Structure formats: structure tokens, C-alpha cells
Amino acid sequence: MATQAMKPQGKLDERHLARQRWARAGWIYGAMLALGVFFVGPFYVAFLGSLKDNPLEWPFRTTFAQVLPKNWLAAWKLGQQGAGNPWLGGFAPGANIPFEVSYFVPEGTEPTPPTVTVPERRAGAGLGAIFDEVQASRYARVSPVEEVSRRPERIGDEVGQIVTYRFTISYPRSDAAQELPTAARLPLDVEAPRGQTFLTATLDPNRLERRGRVASWDSAAPGFFGYTFKNYVRVFREARDPNTGSSFFLRWTANSFFVSLMAVLINLVFASLAGYALARMYLPGKGLLFALIILLMAVPQQAMFISNYLVLRDLSLLGSLWGMIVWIGIDMAKVFLMKQFFESIPREIEEAALIDGANPITTFFRIILPMATPALGALTIMTFQGIWNEFFKAAVVLSGQQGNYTLPLGLSFFRSAYGAAGDWGLMLASAFLSMIPIVILFVVFQRYFVEGVSTSALKG
């Protein structure tokens, strides 16, 4: 009688289970990677867009002039040669800036030197267009364009040669005692004759105009930050108060810090006191009061803004940062958070303190409050983040007072001033700058934030 060989069943099961484990791990990591790309991808694209000369270009490229190391080094060197400032560049008396451009000249065409111009050009759109600035065109001297080299080259099916030209832009010093001004930028246009195609230059141009014939630079001596982070520099240089000349963005940042820190301080004091009273102390109608707090949390802010607006108007606080602070000072959600946390602390700790002779105030400040550090950390970051990004209440209270704007309202102002002209680079840069304090705060307080929220949530 024939017998059938049987394979070991245990090894098959182990291989099957191993494949299942790897498949589950693959699905989990794939899902996490997809979520990461979904949430981080827009920020990555927006950051690259804030560096570009044209954030709206399509198709979107991740490699462009501002992210190339060769341009970083060139911008650094040109900034040093222009004004002795390799970071922000400029054009100062005594500057002597050599510059080279290369063109592809098809076979049968006689190379012709390009035309070099230092134009009079205002910085950007919006607020940057209304300020007077020193124009480099009034002081710049351009040397004759010289041919440096030519070599044969084939581009695609076309045969020709690459011709390189050189010229120098200088800023002569004055013989008189009068001191000449320093220009923040050195705009430059280089126009090639018909039939010659622009290839490279000492520094990649910000744009090619007139079907590629005119290579244009916002500044031929930009410095590292002035070229790579041009839109970020513009946020501080261009967006200024027309009356005082001070930076709008710095003032709005200071206003946001002031309002957010005051709101954090007020909530730390009142929310912790109210939460402890509701959690531990005997109060007539305490349950009804807590139910009222829950009810207020459920009412939309938009339903109460008219009454709040009228109160602030009667107190003459409209247009003032203090009006904003009065409105946002106490948040019922923070009282709820602290009440839930205090209820998680064993009563035996307070009873032991009372036996040792401590009164309720001493017990609260010297024993209970130090134990509430995780909840206070969560309260701090939640309050700061909420107020930092608050737009609706700021629009109601501070509307019309540009000097008292907070950052969300200021960004909305930028959208009106620059978005209408299609200048989105400055807006993207200012949005990223406004995000930095929140990121720093979360990194510093993340441990307390996770502990505080999880503890309160479990108790609730």
C-alpha cells in the first residue's frame, strides 16, 4: 500500500503567520506614510512656494534657482562685493561687481554682445510700492560688455557655440564731502539679440521675460538671505507703517505675543482657582454652576459677538488690545480642564496637609498646584495656540486699527494688499514666520501637553 509523504504542518503555519505579520506591518507603515504625506505635504509645498519668485508656477518644480547651492555661494559673494554684507547684500559706494552671462548662438549666426541695463524698479507690490527708496540706477556705472570665451556646443539637434560675456557694475565713490547713500537692491536686466538663447550667468536670474530674451534680476548683489529667502526679507523691509516707517510685521508679532501671554496668565490664575473650587470646595449650587459652564461651552461664539461688541463699545475698548484681552480672558473650556484634573488628585493628600496645619490656600498653592504642572502645561499651550490664531474676535475688536492688528488680522491685510497683485510669495513667507512661535511652544511643552490632556480626558 502506497504511503503519501506529509510536509511538516508547523513550519507552514510559521511561514504563513510571518507573512501575515509583515503584511500587517506594511499596511500600518504605508498608512502612516500616507497620512504623513497628506498632512506634511501641503506645508512642504507651501514652504518651497515661499522661496520661489513665482509661487503659482505650473507645473510645480521642487528644484529651482533658490535651492541650488551654486546660487547660494554666488549670492553670498555678490552681496560681499556689493555692500560688504554677504547676508543681505546691497549696493554701496565703492562697489565693484563683475558679472558673466553665457548664450547659445546657433551656427551661422554672428555672436552679438547683450545690452546691460540697471533699471529703476520699485520693490514688489502693495506697501512696498508706496515708499521712496534709493535707486541703484542713479549711481551705477556699467562697463562695456566684453566677450570672454566661445566654444562649440550642440543642444539637441542644433549645432552652435556657447559665448560668454563679462561686464562690471561699479558704484564710484564721491570726491565731495557728501556721503552717497546705499541702495538696498541692484536691479539688473540683460537683453540678448534675437537668435541667441540665454544659458547661464554668475547668478541665476529671477525671471526670463520677452520670450527669454531678457534675463532679469531683482538684485545683482542680493546676499544669501536676499536671494534664497527673498520673500522673508521683504516681509520686514516692505511691509512698513507709512506714517512711522516701522515694520508692520514686527508690531503685529509683538501684539500677538502681548495678547496671547496675557490670556495665558489670566487663564492660569482664574481657570486653576475656579477648577479647584468646583472640584473640591463646597459651594451652594455648584452643580448648577458647572452645568452652566458646560452650556456656555456649547454656545457658538458668533451667537454672542453682538452683545460682546456692544459691551466693549460702551467701555471704549474697541480698537484696543485690552478689549481683545477682556473678551478672551476667561475660557470655560480651560475651567473644565482644570476641574477634571483636580478631581483626579486623591483627597488624602489634602487631608494630610490639613492635619499638618495647612489652611486651604496654603494647600492649594504649595501642594496641589505643583502637582498640576501637566494640566497647567496643557492649558498654556492650548490657550496660547488658540489666541495666537484667533481671527474672528480680532476682526471684531481691532478692525480698522492696523497698528493694533494681531498676526492673523495682519495676514488678512497682506492678502488684500499683495494678493490682489498676485504677489503671493510675501504672504506665504509671513504665514510661515507666524507659525514658528507655535512650533517652538509645542516642542517645549509637548510632554506636559500630552500628560495633561490624557489625564483630564481619562477622568472626564
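We now turn to the structure provided with this report. (Residues numbered from 1 in each chain as written. Predicted model: local features only at pLDDT ≥ 70, side-chain atom pairs only at ≥ 80, totals over all residues. Heavy atoms only, no water.)

Considering all chains together, one arrives at 22 salt bridges under this definition. What emerges from the salt-bridge pattern is a single network uniting Asp53, Arg207, Glu209, Asp218 and Lys230. (Salt bridge = Lys/Arg side-chain N within 4 Å of Asp/Glu carboxyl O.)

A few words now on a nonpolar patch on the surface. Together, Leu265, Val269, Phe270, Leu273, Ile330, Ile361 and Phe365 give the surface a local cluster of nonpolar side chains, amounting to about 670 Å² of exposed area. Elements with a minimum of two residues in the nonpolar patch: helix H5 (248–280) and helix H11 (360–371). Of all the elements, H5 adds the most residues to the nonpolar patch, at 4 residues. Position of Leu273 relative to the elements: it lies in helix H5. (Patch = residues over 30% accessible without salt bridge, like charges linked within 9 Å, V, L, I, M, F, W, Y side chains within 5 Å. Areas by Shrake-Rupley, 256 points an atom, 1.4 Å probe, with all protein chains shown as cover. Helix = DSSP H or I, 4+ residues; strand = E, 2+ residues; numbered from the N terminus.)

Let's shift gears to the nonpolar core. Formed by 40 residues in total, the largest nonpolar core has its most connected members in Trp252, Val259, Ile328 and Phe414. Only helix H1 (9–51), helix H4 (230–237), H5, helix H8 (321–328), helix H12 (373–388), helix H13 (392–398), helix H14 (407–418) and helix H15 (424–459) provide two or more residues apiece to this core. Broken down by element, this core gets its largest block of residues, 7 residues, from H15. In this view, Val259 contacts Leu321, Met324, Ile325, Ile328, Ile387 and Thr406; residues no more than four positions away in its chain are not counted. With 33 residues, the next largest nonpolar core counts Ala95, Ile169, Tyr171 and Val190 among its residues. (Core = buried A, V, L, I, M, F, W, Y, C linked by side-chain atoms within 4.5 Å. Buried < 20%, exposed > 50% of the residue type's maximum accessible area, 1.4 Å probe, protein only. Contact = heavy atoms within 4.5 Å.)

Here the focus is the packing of aromatic side chains. Overall, the coordinates contain 35 aromatic pairs when judged by the stated rule. Ring plane angle 85 degrees and centroid distance 6.1 Å describe the contact between Trp87 and Phe224, whose orientation is recorded as edge-to-face. Of this pair, Trp87 sits in the loop between helix H2 (69–83) and strand E1 (96–106) while Phe224 is found in helix H3 (residues 223–228), placing the two residues 137 residues apart along the sequence. A residue is classified by how much of its surface remains accessible, and Trp87, at 41% relative accessible area, is partly exposed. Accessibility expressed as a relative area gives 18% for Phe224, which makes it buried. Look at Phe99 and Trp217: their rings are 5.2 Å apart centre to centre, the planes differ by 85 degrees, and that puts the pair in the edge-to-face class. Taken as a pair, Phe99 in strand E1 and Trp217 in strand E9 (residues 214–217) lie far apart in primary sequence, 118 residues in all. (Phe/Tyr/Trp six-rings, centres within 6.5 Å; stacked < 30°, edge-to-face > 60°.)

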